[in-house]
Every structure is written in structure tokens, then in C-alpha cells.
Amino acid sequence: MSDPLTQLTYQAFQYSKSVLSLAHKTLSNQVLEMVAPPTPERKPQPLKPEVINQIRASLEQIYQTDWQEAQTGLYPTSILFDTPIEDILRYYPLLWWDMLQMQERANQKRYQEFSPEIDTVGYPRYYLQNFHHQTDGYLSDWSANLYDLGVDILFNGGADAMRRRVLGPLKAGLQAFEGVSARGLRVLDVACGTGRTLKFIRATFPKASLYGVDLSAAYLRKANQLLSPIPGELPQLIQANGEALPYQDNYFHGITSVFLFHELPPVARQKVIEEAYRVLQPGGVFVICDSIQAIDSPEFKEMMENFSVMFHEPYYRHYITDDLSDRLSQVGFEGISTEQHFVSKYWIAHKKHTLAGDTVK
Ligand SMILES: C[S@@+](CC[C@H](N)C(=O)[O-])C[C@H]1O[C@@H](n2cnc3c(N)ncnc32)[C@H](O)[C@@H]1O
């Protein structure tokens, strides 16, 4: 395919995902309104037309950036079309079934409910929540199978484009290790979930050693399904808390974390940052992707309020006012910068280089 044709195909692909997501949202809201209407306090505030236009424009912008970064060779153009079509066909009907149960739980304010067979012992208390009103929170295969589809619909098809925005800063940061072979680079994704970010990191760094941690065994199983058919070294997946990473000091050259921080209470946010600092090599890069924040996007405040009203996100309100740059610099990160793409914000932070004479491996 010639480039303009591929670009057109990519635009059509994203456009259809947006249209299908919006159609799903409209239809499901109508159905829920009939069968199990949301309680008045769960109704979202209507957004101003200029805000809707701004959101649309930023969605188009992130697709352009996604396309352009593929054209620069940052990652192969083929990953722009990566979509779990079999999963979508298999799990979409279940999403409807699940939605009715979610609505019932949400209306009744049942926020910490798990199927009897789920063992909740050993997890931090803050984690034992039905985040987004998901059945079983993050603790079942059912939840892991529906998660990607649900998130992509929520972001009108833009979830992967947001995840891929960590790749540019990661690659730039890893240039600090020019003496290290492609195979010698070690990259960790904290709270890797179903492995989509790791899949994109693998496409960008085909030879690097990749690692993923997550608290959910079910999500790690799903990540393993996604990642194991990819040729090359299999990323090492470990069930662990980001607050206590099971790695030695100064081990990784790069660390990413996508959509984790808004689901952590402030103390846990701080600990994850401290742990990322500990396990990063001097000169290493830490890239965080999460929601935009009220502190720098006041025009989207209603949208953010809607998010915490409609979905069960107990730590989101604090998150949107939390100064992560300050947290990062307090533990010693330097060269901290931020970016925004669509409805995500990115923090790029570097661990201090070693003192003169020390070598970086
Ligand atoms: C919103 S999901 C994001 C998953 C994935 N990064 C993505 O891009 O879709 C949040 C993930 O964080 C994990 N998680 C939450 N708290 C955690 C913690 N303290 N340590 C490790 N993983 C955690 C959850 O199990 C879940 O997979």
C-alpha cells in the first residue's frame, strides 16, 4: 500500500472505531435509561458544545501524531491497526450482559463486591474496589476479557493511541544508554494490565528485555495470551505491587506506567514513584501516562467530574489536583517535563546520572 492510501485506511479505521464507540454509548444509555435508569446523582452534567469540539479536535490530533510517529519509524505502521478483533467479536455480547449488572451495582452503591470464588486476601485495601463498576474489579478472567473493549469504547477508539504516546519519550530517554546493545536494554511496564503497552514497546524495541508487573493474576494471564505469540523474547510478567517492585536497585533503563496513578490513593502514588526511582538505573527514564488534570485543563473540569460520577474511581478527584511533577522531583527525578495528548497527560522524568567516573551498564 502506498503511504497516502495507508494513511487514509488508518483514518477510516480510527473513524469507524469512534463511530462504533459513540453508537454503542448512545444505544447502551438508551437501553439503560429504559431498564435500569441511573440514580440522579450518577447522571453526568451536559458538556458545552465548545468542550465537545475541543475533545473531538484533540482526538483527531492524537491520531495525526500517532500516524506521524509511525512514519518517522518510531514503530511499525502495522501496529496502528492492531486490534483484537477475535476478542471484540467474542466479548462484545458479554459486555451488554455485564453492563446491566454493573448498572445495578452502581445504582445500589455496591462498590466492593467480588464473586465468592475470588480470594481477596493479600491485596492492598485500596485495590479491592469495583473500579469503573467492573464486575470483580480487576480480579477475574471475566473482567480481564472485557477490559480492553470497555476502555477503548470509553475513549472513542483512542486508548491505544494514548498508550503509544509513551513510546517517543521512552525511546528518547533510552538514548542515554548508547553504549548498551539493543538486547541489553531492560524496560519495565508497571501495572501492565492486559499487556497492550508492552505489545507496543515490543514493536518499538524488538530486542529489548521487557518486564511487566501487575497486581492482577487474571490480567497477567490475559497479557500472556497477547504477548506470547509475538516472535522474540517473551516479556517477563510478575504479579507484584508497584509499591514494592521485586527487582534490585538500578536495574532498568526505562520504566513506563499507563493509566495507573489515578487508581491509587496519594500515599501509594508516592511509593510507586519512589520504587520506580529505586529500580531505575542512573540516567534512566520514567514515563507516566494518565488522565489529564484539573490543575492544567480547567476547561475539561466538567468532563473530569462526570468521569468520577459515572465510574467508580475513588481516588480520581484527588489525582486531578495532585502535582506529580513535585512528587517526582522530591524523590530525586530531574529533567521533568509534561505533555498532553487527547485526554491524557504524560510525565517524563530522568533519574540523576551517576557521579563522574561511574559507568552505566
Ligand atoms: C486502569 S488499569 C491500566 C492497565 C494498563 N496499564 C492499560 O494501559 O490498560 C490499572 C491497572 O493497574 C493495576 N494496579 C492497580 N494498582 C496496582 C498496584 N498497586 N500495583 C500493581 N498494579 C496495580 C490493575 O490491576 C490494573 O491492571
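- In the annotation of an unreviewed UniProt entry, the protein is listed under the name Methyltransferase and assigned to Limnospira platensis NIES-46.

A few points about the overall build of the protein
Now for step 1: Secondary structure summary: the protein contains 12 helices and 7 strands in total.
Now for step 2: Computed over C-alpha atoms, the radius of gyration of the protein comes to 20 Å, within 12% of the 21 Å expected from 2.2 N^0.38 for 361 residues, which places it in the range of a compact globule.
Now for step 3: For the protein, the spread of C-alpha atoms along the three principal axes comes to 70 × 55 × 40 Å.
Now for step 4: The proportion of buried residues among the 361 residues of the protein is 38%.

Brief notes about the sheet that holds strand 4 (residues 252–258)
Now for step 1: Spatially, 7 strands are ordered 3-2-1-4-5-7-6 in an open sheet, and the strand pairing comes out mixed. The outermost strands of the open sheet, each flanked by one partner alone, are strand 3 (236–239) and strand 6 (334–341). Between one strand axis and the next, the sheet turns by 15 degrees as a mean value, whatever way the strands run.
Now for step 2: Judged from the 6 bridges that link them, strand 6 and strand 7 (residues 344–350) form a sheet pairing that is antiparallel.

A look at the site of the ligand
Now for step 1: The environment of the ligand is made up of 22 residues, and the closest members are Tyr138, Ala191, Gly193, Ser216 and Gly242.
Now for step 2: For the shell around the ligand, the secondary-structure elements that each account for two or more residues are helix 7 (196–204) and strand 2 (209–214).
Now for step 3: For the shell around the ligand, the class distribution of residues is 12 nonpolar, 5 polar and 5 charged.
Now for step 4: A domain-level breakdown of the shell around the ligand finds at least three residues from each of domain 1 (3–157) and domain 2 (160–350).

Quick word on the domain arrangement of the protein
The parts lose accessible area when they come together, and the size of an interface is often stated as this lost area.
Now for step 1: Domain parsing of the protein yields domain 1 (3–157) and domain 2 (160–350).
Now for step 2: The C-alpha-based centres of domain 1 and domain 2 are spaced at 19 Å.
Now for step 3: If you look at the interface, domain 1 gives 39 residues, while domain 2 gives 38 residues.
Now for step 4: Those elements giving two or more residues to the side of domain 1 that touches domain 2 turn out to be helix 2 (49–71) and helix 4 (141–154).

Conventions adopted
Residues numbered from 1 in each chain as written. Predicted model: local features only at pLDDT ≥ 70, side-chain atom pairs only at ≥ 80, totals over all residues. Helix = DSSP H or I, 4+ residues; strand = E, 2+ residues; numbered from the N terminus. Rg over C-alpha atoms; globule rule 2.2 N^0.38 Å. Buried ≥ 20, exposed ≤ 12 C-beta atoms within 10 Å, placed from the backbone. Pairing = 2+ DSSP bridges. Axes fitted to C-alpha atoms, helices over the stretch in contact; angles between N-to-C directions. Near = placed C-beta within 6 Å. Nonpolar A, V, L, I, M, F, W, Y, C, P; charged D, E, K, R; others polar. Domains from an automatic or database assignment. Contact = placed C-beta atoms within 7 Å.

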